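The residues making up each chain are set out below.
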Protein chains: 2
Amino acid sequence: MYTSPQLLEQINNYISALSYTHSPQSLYAPVDYVLSLGGKRVRPVLMLMAYNLYKENVAEVLLPAIGLETYHNFTLLHDDLMDKADMRRGKPTVHKVWDDNTAILSGDAMLVLAYRFISDCSPVYLKEVLDTFTQAALEVCEGQQFDMDFEQRNNVTEQEYIDMIRLKTSVLLAAGLKMGAILGDASAEDTQYLYDFGVHIGIAFQLKDDLLDVYGDPSVFGKNLGGDILSNKKTYLLIKALENADEKQATELTSWLEKEDFDPQEKIKAVTELYNQIGVRLVCESKMREFYTKGLENLSLISVAEENKRELRALAEHLMYREM
Amino acid sequence: MYTSPQLLEQINNYISALSYTHSPQSLYAPVDYVLSLGGKRVRPVLMLMAYNLYKENVAEVLLPAIGLETYHNFTLLHDDLMDKADMRRGKPTVHKVWDDNTAILSGDAMLVLAYRFISDCSPVYLKEVLDTFTQAALEVCEGQQFDMDFEQRNNVTEQEYIDMIRLKTSVLLAAGLKMGAILGDASAEDTQYLYDFGVHIGIAFQLKDDLLDVYGDPSVFGKNLGGDILSNKKTYLLIKALENADEKQATELTSWLEKEDFDPQEKIKAVTELYNQIGVRLVCESKMREFYTKGLENLSLISVAEENKRELRALAEHLMYREM
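Chemist: Just give me the short version of the interface of chain A and chain B, but keep the residues and values in it.
Modeler: The interface is formed by 35 residues belonging to chain A together with 35 residues belonging to chain B. When chain A packs against chain B, close to 3500 Å² is buried across both sides, 71% of that on carbon and sulfur atoms. Sorting the residues of chain A by area buried against chain B places Leu105, Val112 and Leu138 of chain A first, and these three jointly supply 17% of that buried surface. Where chain A packs against chain B, one counts 0 salt bridges. Along the contact surface separating chain A from chain B lie 11 residue pairs in polar contact (both at pLDDT 80 or more). Of all the secondary structure elements, the ones that give two or more residues to the side of chain A that touches chain B are α2 (25-35), α4 (62-82), α6 (100-119) and α7 (123-151) of chain A. For the side of chain A that touches chain B, the element with the most residues is α7 of chain A, which contributes 15 residues.

Put into structure tokens, the structure is as follows:
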């Protein structure tokens, strides 16, 4: 069994060795830039861990794992353009370093490159691996669209929100785990359990992100705190706050959402204060733990020795209790 | 053997029956809109014709053909956004009907959908079909990037231009033909001849487009004449005009390229007049025929009965002598 840092190292070594130096550089330099920004590489690590439950030679399935990471970075590139985000992982985004058209076209090329990597697997599993990836890739687009649609709405329900983050975040983690299981020749039951584990952990992971944006430690959290509050993002915290607020709290919260002119720090402070009064931090933490627990249940049902699941369990735990 | 209109009908029937009515409609309605705008469906028709040289049951490979058309329409959607084009096939473009973000994300979804259709082929051929498509899809991105890069340059050479249109236009036609050959179980030689036929016909097809923009019949040409002239597009005509102009003509042509304030019709008239004086229409027509002839030579080398090649030959001829 490989440990998480060993798998990460294999992934990062492969990505560093990729050469995007061919012509036209105006197309490939941004691809190289985005992939070099780093990150936790959670999707390929999960895929390799799932595979490693059944087979040892993880180097043989490194390319589909790199494909998953390439796809994920493509979504960040296009999402940052759509969200007009200036920074990503402490560096200016592609449309800031280059321009909008470069971000569109380099992103398109990355999506094709992702398919190229993912197709590079044993022909026995190719169709199933491809179908799993394609389904997730389409659902991620749906999730991003729901997320953008929600910006225009103040009546997003908890269920709609959970569905959206399932599509936008979870299904790709789940698809990675499923791809690892397929390539590892796991049983249909194990494959499904691994997929479900990914869905549940993914939702918990996104709820943790919502929490960190408000309650994270600014010295370790990668972004500035309160970004979601400033952009009125329909997070779980905001949705539950709107749902559970009393009349006075609702009026105050709504007035902050509608205010066009405000001091950013003042808005963050006031909305956080309202969240604290309404008590949504605990509500969110409890929902997060609910999904985390479901994920661990899925993991426990997989028919491999318990001690072999320790890396997956440790990674899930790390994602839940991280401070960044 | 199926005729061109019979194949087109099968393709259009399939596209009309596609239902993009599921949620989120903000993602799928633009996909439906773009695919419904029609067009000649040249890529899937070519693929089915190549297949039909070897096998009869074209309905069996309709899905990869639909995938090619979906991919092509994705490129139009994103290209129109990057070019800020308002109209496509007589209708407002997606970013005009909806907005830029919708055009980005619906396009992304179309690229994934294209892969879904293309993967829907016999597992025996899947890897080869996928690799052929992926290679072309990446080259199309490269071609579009070169095209955009050329906008900033006045020293584009003839060879660079031919390479660019090969990538941007030809390789997808060629890949479609190759995919048809692979699925039809053609020999490696025939597969390569069909690919080369597509490359050569594709370059001729694009040169014809350059000609039609200036010398087309305005009553039948789908777009307004002179669009390339107004946007200083580095077409074959402009590149050869800059290359062959005498000093006086060069000065006049350059001054029109640099002019920021002008009457559109006056610029079109003056540049067309210069093209006529320099004689680039004949140069372009001769280059077009050169590639067309090369394509027909490739076709003649394919080892199937000559009379079975008539649909491919007729389509190539139609593309060359069309007035729109």
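Structure shown, so let's carry the discussion forward.
Chemist: Provide a residue-level description of the confidence of the model for chain A, including the pertinent values.
Modeler: Here chain A averages 95 in pLDDT, and 99% of its residues register 70 or above. Both scores are given for the predicted complex: the pTM is 0.97, the ipTM 0.96.

Chemist: Let's hear about the relation of the copies chain A and chain B: which residues, and what values?
Modeler: One chain copy maps onto the other through a rotation about an axis and a shift parallel to that axis. Its rotation angle being 180°, the transformation that places chain A on chain B also includes 0.0 Å of axial translation and leaves an RMSD of 0.0 Å. On the angle and the small slide along the axis, the relation comes out as a two-fold axis. Interface overlap between copies is the fraction of interface residues in one copy that are interface residues in the other; for chain A against chain B it reaches 100%, indicating a shared surface.

Chemist: Which residues make up helix α8 (residues 158-183) of chain B, and what values go with them?
Modeler: Residue and element names in this part refer to chain B. Along its 26 residues, α8 runs 35 Å from first to last C-alpha, staying within 8% of the 38 Å computed at 1.5 Å per residue. Here α8 lies mainly inside the structure; 20 of its 26 residues are buried. Where α8 ends, the next residue or the one after it, Asp185, has phi of about 65°, a positive value.

Chemist: Report on the nonpolar core, specifying residues and quantitative values.
Modeler: Soluble globular proteins tend to bury their nonpolar side chains together. Among the nonpolar cores identified, the biggest contains 235 residues, and Phe133 and Tyr275 of chain A together with Phe133 and Tyr275 of chain B are the most heavily contacted of them. When near neighbours in sequence (up to four residues on either side) are disregarded, Tyr275 of chain B contacts Val214, Tyr215, Ile229, Thr235, Leu237, Leu238, Ala241 and Val280 of chain B.

Chemist: Break down empty space enclosed by the protein for me, with residues and values.
Modeler: Residues and elements named next belong to chain B. This model, assessed by the stated rule, comprises 9 cavities of 30 Å³ or more. The space that makes up the largest cavity amounts to roughly 100 Å³. If you trace the largest cavity, you find 13 residues lining it, with Val34, Leu77, Asp80, Arg88 and Val94 closest to the centre. Those elements that place two or more of their residues in the lining of the largest cavity are α2 (25-36), α4 (62-82) and α5 (94-97).

The rules behind the values
- Residues numbered from 1 in each chain as written.
- Chains lettered and ligands numbered in written order.
- Predicted model: local features only at pLDDT ≥ 70, side-chain atom pairs only at ≥ 80, totals over all residues.
- Heavy atoms only, no water.
- Contact = heavy atoms within 4.5 Å.
- Buried area = accessible area lost by both parts, 1.4 Å probe.
- Salt bridge = Lys/Arg side-chain N within 4 Å of Asp/Glu carboxyl O.
- Polar contact = N/O pair within 3.5 Å; in protein donor to acceptor, adjacent residues only side chain to side chain.
- Helix = DSSP H or I, 4+ residues; strand = E, 2+ residues; numbered from the N terminus.
- pLDDT = per-residue confidence, 0-100.
- Least-squares fit on C-alpha atoms with pLDDT ≥ 70 in both.
- Expected span 1.5 Å × (residues − 1).
- Buried < 20%, exposed > 50% of the residue type's maximum accessible area, 1.4 Å probe, protein only.
- Core = buried A, V, L, I, M, F, W, Y, C linked by side-chain atoms within 4.5 Å.
- 1 Å grid on protein atoms, 1.4 Å probe; cavity = no way out; pocket = protein on both sides within 12 Å on 5 of 7 lines; lining within 4 Å.
- Points joined across faces, edges and corners; volume = space filled by probe spheres on them.

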